[in-house]
Every structure is written in C-alpha cells, then in structure tokens.
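What follows is the residue order along each chain.
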Amino acid sequence: MTRSEALFERAVKRIPGGVNSPVRAYGAIGEAPRFICKGDGCHIFDVDGNRYIDYICSWGPMILGHNFPEIRESVIKACEKGLSFGCATEIEVEMAEYICERIPHVEMIRMVNSGTEAVMSAVRAARGYTGRNKIIKFAGCYHGHSDAMLVSAGSGVMTSGIPDSAGVPKGCTMDTMTAVYNDLESVRMLFDQAPGEVAAVIVEPVGANMGVVLPEEGFLEGLRRLCDEKGAVLIFDEVITGFRLAFGGAAEYFHVRPDLVTYGKIIGAGMPVGAYGGKKEIMEMVSPVGKVYQAGTLSGNPIAMAAGLTQLRWLYEHPQVYTHLEEKGEKLYKGMEKILKESGKPYSVNHLASLGCLFFTGEKVRDYASAKTSCTEAFADYFKHMLKNGIHLAPSQFEAMFLSEAHTEAEIEETLLAVKKYFR
Ligand SMILES: *Cc1c(COP(=O)(O)O)cnc(C)c1O
C-alpha cells in the first residue's frame, strides 16, 4: 500500500469521501487521490515521493507557480504582526485601491473568503439594487455551492452524477432560471417568461466548469445588450478568468463591461479570498452603507491580503506573464490537437490562452449538452496514463487544465510526449 492509499484509508473514516472538496476525490477514476506534501514552481510532490507536472495549480490561484518566493515572503512578514484583528487594516484599502484603479468596471469592491461567498453576495446586491428576485444562469456554469446557484452547476456535480444537490429546498432555487450557454435566444425567452422580474444574468465569461467552453462571437455582447434592454444586472463570474486571461479578466479580454464581477482563486494567491465589485451605485447597496447585509469575520484578513496583493502587483507589473501564458497555451493545446489529428481520433481540445480541455467526443463542445457527450470512461483511462507518466491533471473530464508562469517548454514537451504515447 502506498502512503497516499494509507492516508486515504484514514481520511474516509473521518472526512466525507476522504476529502474536503469533492473535486479532489478520484471517484471517477477509482483510485486513492495522491496526497500532496509540497509544491515548487510547476511541480507538486506526493507523500510517496513522486513528482508531477501540475495542471491543477490549486484550481487556478498558482498562476505564478507553487511557492513563489515574493508571495511566501509577504505572508511570513505579515504573520509576524498577527494573523487577524477583525478590525479595519491598511492593506485592505491598498488591495481595494489597487484593483479599482486598474480595472475600470470595478469602482468599489468588497473582500470575502471564497468564490462561493462572492457570488452569493453579488447576487444579493443585484437583487437588492433592482428590487427583483429572479436570476438567469447557464447550464454547466458553476458559481459556488450556495443554494440558489446549485442548479445545473457543472464539474463537481456532473462528475458525481448528481443532477442537482439534495438538501436544497425548492424555495431556494425557484427564482433561478437556467439558460443554454452560447444561446442568446434561450436568455431572451427566459426574460420574456418573467417580464420585469429578472434581477441579474450571471455567467462564466469563459465556461471552465463543464470542461472549457468558449463564448462564441457576440454571446457576451448580446448578454450586455439584453441586460441593458431589460434593466437587469450583468454579473461576470470571473473566479477563474479574473487576473488570468488579462489583469482585468475576461471583461478586458473580450471588451465587454459587466455591472458586477466576482473574483476568487487567483485573487488570494492560495489563501482563501474572494471578492465582488463593480458599479458604485450597486456596491453602495451593501451594508453598512445600504440595506443589503453581508459580513465576514475573517474577510480581508492581513495574511490573505498580503498574499493576494503581492500576486496581483506581480501580475500587473509583469504583463509579459499574459503573453507567456498565451504562447504556452498555443504550444500545449495546439500540440494536443495535432496529436489527436494524427491519431485519427475525433476528439477535440477547447482552449483559450492558459485554459484548455480535451473532450472525448466527436461533437463540437459549445454548451452543457455537448460537453456531456464526452466519454468519461475514456477520460478516466487517459487520466491514469497521464498520472503514471508524472502528469497531474484534474481528476474529472469537466475541469480545465491550468497553465502557470512556472511551466516551461520542457514540461510542455514532456506533457505532449505523454499525450502522444497514449494516443499511439
Ligand atoms: C471555483 C469557482 C467558484 C467557487 O469558488 P470557491 O472559492 O470554491 O467557493 C465560483 N465560480 C467559479 C466560476 C469557480 O470556478
């Protein structure tokens, strides 16, 4: 028995499924998850001494690679002054200013502790602002695990085979309407079904929780127009895309201006941070200025802010990181496409910049329904092969691969070699 297997045996007795987040389980793969004890650059190491090229990158936060020296140092330095005060601190002001001064559609911002909280709070603010209740989301988009958002919610839920979560009362989701990704007509129909009742449209501007699904030409612009027409708030859930596609996220990348954005993952550099922000007149609905209540004991705590702000500063001051990620994405994902083509497999790779996903289907994946045509058994087999070859992918068909600044040509070559070996 390996040490990972032994740890997993202990873990399942005391933690549901042995993991503190279901996406970490290898349920779809039928093995014990690898227990990780160290990370360095683009590599992670398990408790059995195996080294892997890491394409999870903590699901995004490690955009500069693991154990990045400046971030580590900033955390150590902040720790020396105390972990949390539950009182206002200077670094929170710096964090808010840093983001608002560089991202034009973020006029005000509030820190929370996770992406889930960010979305839950942004939706509440949108409802408070419009005085309306209904929310339109898209099938296959994940917006965290708050009750109202657990409808056709993508990856974790898809992999476990649960259509929607138990324990969510109908009352909590009756105001959540579900549209089809890349289908503006489906959004218009929902607006027409509930005239004057839709508070917000929330979307992952690049779908990254049903595998990777790109917004087609005009989709995001169309949502902007529909929201303007109907007086609804447009929320971009940039928990994955924020600070990844560009410093200003997908909104900057695609030149579409949302009313509210939610952040998570990269914004905390590995610390538990989320944030929501946007138009001043909406954000001023939030307590203690306005009547929308939202709070957090550890929100904006100085350790998390130190890590996050150091990473954001680095990204902003080194915009070449984004060029590198584009180049590396091209190399890796185009390389995978070429291998598939040569092997005669009908499979495809959806990708944009550092995000990519190999779908085991002949269909073009452009929404939830087409994503679900992917063969998860084939993925499981491929995943095991890659793991054996020292490549750590997310253990689910419906997750993205994340590239970081720390991945070099050498690791991309090694990855492509393993892909080639598999399809030969
Ligand atoms: C990860 C994710 C969330 C939830 O963030 P947590 O920090 O896990 O709560 C929300 N939205 C999107 C798009 C995500 O990828």
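Because the structure is predicted, anything quoted here is derived from the model rather than measured.

A. Structural detail: helix α1 (residues 3–14). For α1, built from 12 residues, the straight-helix expectation of 16 Å at 1.5 Å per residue is met to within 8% by its first-to-last C-alpha distance of 17 Å. For α1, every residue scored as buried is listed here: Ser 4, Phe 8 and Ala 11. Down the axis of α1, the smallest arc covering the buried residues is 65 degrees, so these residues share one side. When the buried face of α1 is taken as reference, the exposed residues oriented beyond 90 degrees from it are Arg 3, Arg 10, Lys 13 and Arg 14.

B. The arrangement of the UniProt feature "modified residue: N6-(pyridoxal phosphate)lysine" (unreviewed entry) in the protein in detail. Mapped onto this numbering, the UniProt entry annotates "modified residue: N6-(pyridoxal phosphate)lysine" (unreviewed entry) at Lys 265. In this structure Lys 265 touches Trp 59, Pro 61, Val 239, Ile 240, Gly 270 and Val 273, once residues within four positions along its chain are discounted.

C. Layout of the environment of Cys 57. If you trace the backbone, Cys 57 turns up in the loop between β3 (51–54) and α2 (69–79). Given the relative accessible area of 1%, Cys 57 is considered buried. Sequence separation between Cys 57 and His 43 is 14 residues, and the spatial gap between their C-alpha atoms is 9.1 Å. Residue contacts for Cys 57: discarding those within four places in its chain leaves Met 62, His 66, Phe 402, Ser 404 and His 407.

D. Spotlight on the packing of aromatic side chains. Taken as a whole and assessed by the stated rule, the structure comprises 21 aromatic pairs. Here the aromatic rings of Tyr 181 and Phe 219 are separated by 5.0 Å at their centres, their planes lie at 50 degrees, and the arrangement is tilted. Separated by 38 residues along the polypeptide, Tyr 181 in the loop between β6 (176–179) and α7 (184–193) and Phe 219 in helix α8 (residues 219–230) bring together distant segments of the chain. Of the two residues, Tyr 181 and Phe 219, neither departs from the other in class, the shared state being buried. Here Tyr 382 and Phe 423 contribute two aromatic rings whose centre-to-centre distance is 6.1 Å and whose plane-to-plane angle is 35 degrees, an arrangement assigned as tilted. One end of the pair, Tyr 382, is in helix α14 (residues 376–388); the other, Phe 423, is in helix α15 (residues 409–423), and 41 residues separate them in sequence. The class for Tyr 382 is buried, based on a relative accessible area of 2%. Residue class for Phe 423 comes out buried when judged on its relative accessible area of 9%. By the ring-pair criterion, three or more aromatic residues cluster together here, those being Tyr 26, Tyr 347, Phe 360, Phe 379, Tyr 382, Phe 383, Tyr 422 and Phe 423. The ring of Phe 45 has Lys 38 lying over it, and the distance from NZ or CZ to the ring centre is 4.7 Å.

E. Spatial organisation of the sheet that holds β3. The strand order β1-β2-β3-β13 describes an open sheet built from 4 strands, whose pairing is mixed. Strands at the two margins of the open sheet, each flanked by one partner only, are β1 (36–40) and β13 (391–392). Here β3 runs beside β13; their pairing, made up of 2 bridges, is parallel. Each bridged residue has a counterpart across the sheet, and for Asp 54 the counterpart in β13 is His 392.

F. The arrangement of the pattern of salt bridges in detail. Taken as a whole, this structure holds 18 salt bridges when the rule is applied. Here Asp 175 ties to Lys 134 by a salt bridge, and the two come within 2.9 Å at their closest N and O atoms. You can see Asp 175 sitting in the loop between α6 (170–173) and β6 and its partner Lys 134 sitting in strand β5 (residues 134–138), a full 41 residues away along the chain. Taken individually, Asp 175 and Lys 134 each receive the classification buried, so the pair is uniform in this respect. We note a salt bridge from Glu 330 to Lys 334, for which the minimum N-O separation is 2.8 Å. Linking Glu 330 with Lys 334, this pair stays in helix α12 (residues 320–343), spanning 4 residues, or about one helical turn. On the basis of relative accessibility, which here comes to 39%, the residue Glu 330 falls in the partly exposed class. Looking at Lys 334, the relative accessible area reads 39%, which means it is partly exposed. Salt bridges linked by common partners bring Arg 188, Asp 192, Glu 229 and Lys 230 together as one network.

G. Structural detail: the site of the ligand. Around the ligand, the surrounding shell consists of Ser 114, Gly 115, Thr 116, Tyr 142, His 143, Gly 144, Glu 204, Asn 209, Asp 237, Val 239, Ile 240 and Lys 265. At 2.7 Å, a side-chain N or O of Asp 237 approaches a nitrogen atom of the ligand. In this structure, an oxygen atom belonging to the ligand sits 2.6 Å away from a side-chain N or O atom of Lys 265. Across the complex, the protein chains shield 83% of the 380 Å² of accessible surface that the ligand would expose by itself. In the shell around the ligand, the residues fall into 3 nonpolar, 6 polar and 3 charged.

H. Looking closely at the nonpolar core. Judged by nonpolar contacts, the single largest core of 111 residues is most densely connected at Ile 99, Phe 138, Phe 243, Ile 267, Met 336 and Tyr 382. Residues Val 112, Ala 122, Val 123 and Ile 235 belong to the second largest nonpolar core, which totals 20 residues.

I. Here's a closer look at the sheet that holds β6. Strand order in the open sheet formed by 7 strands is β4-β10-β9-β8-β7-β5-β6, and the pairing between neighbours is mixed. The sheet terminates laterally at β4 (108–112) and β6, the two strands that pair on one side only. On average, adjacent strands in this sheet sit at an angle of 20 degrees to one another, irrespective of strand direction. For strand β8 (residues 233–237) and strand β9 (residues 260–263), the ladder comprises 3 bridges, and the chain directions are parallel.

Scoring rules and cut-offs
- Residues numbered from 1 in each chain as written.
- Predicted model: local features only at pLDDT ≥ 70, side-chain atom pairs only at ≥ 80, totals over all residues.
- Heavy atoms only, no water.
- Helix = DSSP H or I, 4+ residues; strand = E, 2+ residues; numbered from the N terminus.
- Expected span 1.5 Å × (residues − 1).
- Buried < 20%, exposed > 50% of the residue type's maximum accessible area, 1.4 Å probe, protein only.
- Arc of directions from axis to C-beta.
- UniProt positions renumbered as here; feature names shortened; annotations may be inferred.
- Contact = heavy atoms within 4.5 Å.
- Phe/Tyr/Trp six-rings, centres within 6.5 Å; stacked < 30°, edge-to-face > 60°.
- Lys NZ or Arg CZ within 6 Å of the ring centre and 35° of its normal.
- Pairing = 2+ DSSP bridges.
- Salt bridge = Lys/Arg side-chain N within 4 Å of Asp/Glu carboxyl O.
- Near = heavy atom within 4 Å.
- Polar contact = N/O pair within 3.5 Å; in protein donor to acceptor, adjacent residues only side chain to side chain.
- Areas by Shrake-Rupley, 256 points an atom, 1.4 Å probe, with all protein chains shown as cover.
- Nonpolar A, V, L, I, M, F, W, Y, C, P; charged D, E, K, R; others polar.
- Core = buried A, V, L, I, M, F, W, Y, C linked by side-chain atoms within 4.5 Å.
- Axes fitted to C-alpha atoms, helices over the stretch in contact; angles between N-to-C directions.

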